[in-house]
Amino acid sequence: MARTDKQSGGDAGRAARQGGSGRGAASAVQSVDRAVSVLEILARHGEAGVTEIAEQLGVHKSTAFRLLGVLENRGLVAQAKDRGKYYLGAGILRLAGAAAVRLDISQEGVQVCRELADELGETVNIAVLDDDAAVNIMQARGTASVTAQNWLGRRTPLHATSSGKVLLAHLPPTLREGLLARPLHRFTERTVTGTAVLRGELETVVERGYGVTVEELELGLAAVAAPVRAHDGEVIAAISVSGPVYRLNADRLPEVAERTVAAGAELSRRMGYGF
């Protein structure tokens, strides 16, 4: 059957739209690739001008200038005004510092986690702040851990976990209040969802040096966490011990808290705090 002009036109329009979408995605990926290449060029040479960068990328100077403009706006590159050359900006240090912290804690925390897990027989985790959640980047299981629950890599809520409360309690006030202004989700009947109550708990966390949760995230689960500090005293992580409430009960929690705080202090020392 012969196709009408209207049908042909409709097919052509759809093809054009699909092709345009595909080209747009490819162009975006290419731009990202070029931006990364710019950072690599500056990392190799220390500094470079627009012409040199354009030549190495194989693009027009205007394209290189636009890429540098975007990177400069995000603080990833900066320009030496007297020479007109570009170099890596402070934003790179911020990103590298965040990555280095995780790597350093992962390296230094292995022995501390293992010893604490062996001593207490419970599961030990190290968590760091990731926007509005705590992310567990290391885990060690003790001999008493009968479940195979894996917390590694999990994002857990700040207001309902011991690690989260420690991280939240030591944030700068402006950041902390911004997070507290968000809805606090209820996971169990014991989850703290009132902002005023939570503020009081966070003050207690700072005063006594550790945070506790009992069945606030999951029924039957209790946990204790202590801060881990960098060389400048900033809290960069939390080390926690978790287990069933029948083992981490009111009688045992003080002992577990004491050992967790000691482990946090030891890991802080390994991270350069106190020297």
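About the thresholds
Residues numbered from 1 in each chain as written. Predicted model: local features only at pLDDT ≥ 70, side-chain atom pairs only at ≥ 80, totals over all residues. Heavy atoms only, no water. Helix = DSSP H or I, 4+ residues; strand = E, 2+ residues; numbered from the N terminus. Buried < 20%, exposed > 50% of the residue type's maximum accessible area, 1.4 Å probe, protein only. Salt bridge = Lys/Arg side-chain N within 4 Å of Asp/Glu carboxyl O. Core = buried A, V, L, I, M, F, W, Y, C linked by side-chain atoms within 4.5 Å. Contact = heavy atoms within 4.5 Å. Pairing = 2+ DSSP bridges. pLDDT = per-residue confidence, 0-100. Arc of directions from axis to C-beta. Polar contact = N/O pair within 3.5 Å; in protein donor to acceptor, adjacent residues only side chain to side chain. Axes fitted to C-alpha atoms, helices over the stretch in contact; angles between N-to-C directions. Parallel < 35°, antiparallel > 145°, perpendicular 65-115°, else oblique. Nonpolar A, V, L, I, M, F, W, Y, C, P; charged D, E, K, R; others polar.

Asker: It is not clear to me how the environment of Ala-262 should be interpreted in this structure. Could you clarify?
Answerer: Examined against the element boundaries, Ala-262 turns out to sit in helix α8 (residues 253-270). The exposure class of Ala-262 is partly exposed, given its relative accessible area of 33%. Measuring from C-alpha to C-alpha, the distance between Ala-262 and Ala-226 comes to 8.5 Å, with 36 residues separating the pair along the chain.

Asker: Would you explain the pattern of salt bridges in this entry?
Answerer: Opposite charge on two side chains permits them to pair, given that their charged atoms come into close proximity. Following the criterion strictly, the structure yields 14 salt bridges and no others. One salt bridge connects Asp-130 with Arg-155, and the closest N-O pair in it is separated by 3.0 Å. Of this pair, Asp-130 sits in strand β3 (residues 123-130) while Arg-155 sits in strand β5 (residues 155-157), and the two are 25 residues apart along the sequence. Ionic pairing is found between Glu-201 and Lys-165, a salt bridge with its closest N-O pair at 2.5 Å. Here the residue Glu-201 occupies a position in helix α7 (residues 195-208), and Lys-165 occupies one in helix α5 (residues 162-169), the gap between them amounting to 36 residues. For Glu-201, a relative accessible area of 25% corresponds to the partly exposed category.

Asker: What am I meant to see in the nonpolar core here?
Answerer: Soluble globular proteins tend to pack their nonpolar side chains together in the buried interior. One finds Ile-105, Cys-113, Leu-116, Val-124, Ile-126, Val-224 and Ile-239 to be the most contacted residues of the largest nonpolar core, which totals 31 residues. Broken down by secondary-structure element, the contributors of at least two residues to this core are α4 (90-120), β3, β4 (133-140), β7 (221-229), β8 (235-244) and α8. The leading source of residues in this core is α4, at 6 residues. In this structure Val-224 touches Ser-162, Tyr-210, Gly-211, Val-212, Ile-239, Ser-240, Val-241, Leu-253, Val-256, Ala-257 and Thr-260, once residues within four positions along its chain are discounted.

Asker: Would you mind showing me how to read the pairing of β8 here?
Answerer: Within a regular strand, the side chains alternate between the two sheet faces. Burial analysis of β8 places 10 of its 10 residues in the buried class, the great majority of the element. Sheet topology note: the β3/β8 ladder contains 5 bridges and is antiparallel. Of the residues in β8, the one forming a bridge with Asn-125 is Ser-240. Where β7 meets β8, 9 bridges bridge the pair, whose relative direction is antiparallel.

Asker: Is there a simple way to think about the confidence of the model for the chain in this case?
Answerer: Detailed reading of the predicted coordinates is not advisable wherever pLDDT falls low. The predicted model of the chain averages 85 in pLDDT, with 84% of residues at 70 or higher. Ignoring residues within four places in sequence, the model shows residues 1-19, a span with pLDDT below 50, making 4 contacts including any to other chains.

Asker: What should I look at first to understand helix α2 (residues 50-57) in this one?
Answerer: Each full turn of the α-helix corresponds to 3.6 residues, which orients residues three or four apart in the same direction. Of the residues making up α2, those classed as buried are Val-50, Ile-53, Ala-54 and Leu-57. The arc enclosing the buried residues of α2, seen along the axis, measures out at 100°, which places them on a common side.

Asker: What is the right way to read the side chain of Thr-161 from this model?
Answerer: Looking at the secondary structure, you find Thr-161 in the loop between β5 and α5. Of note is the side chain of Thr-161, whose polar atom sits 2.8 Å from the backbone oxygen of Pro-157. A polar side-chain atom of Thr-161 sits 3.0 Å from the main-chain amide nitrogen of Gly-164. Apart from residues lying up to four places away in sequence, Thr-161 is in contact with Thr-156, Thr-213 and Leu-217.

Asker: Sorry, what's going on with the sheet that holds β4 here?
Answerer: The pairing of strands in a sheet happens through backbone hydrogen bonds and is either parallel or antiparallel. On the basis of which strands lie adjacent, the open sheet formed by 6 strands has the order β5-β4-β3-β8-β7-β6 and antiparallel pairing. A single partner strand is all that each edge strand has here, and the edge strands are β5 and β6 (211-214). This sheet shows a mean twist of 35° between the axes of neighbouring strands, independent of strand direction.

Asker: Quick question: what am I supposed to make of the packing of α5 against α7 here?
Answerer: A pair of packed helices can be characterised by two numbers: the angle between their axes and the separation between those axes. For the pair α5 and α7, interaxial distance at closest approach is 9 Å and the crossing angle is 85°. By the criterion of interaxial angle, the relationship of α5 to α7 is roughly perpendicular. Contacts from Lys-165, Val-166, Leu-168 and Ala-169 of α5 reach α7 at Leu-198, Glu-201, Leu-202, Val-205 and Val-206. Here the contact of α5 with α7 is built from residues that sort into 7 nonpolar, no polar and 2 charged.

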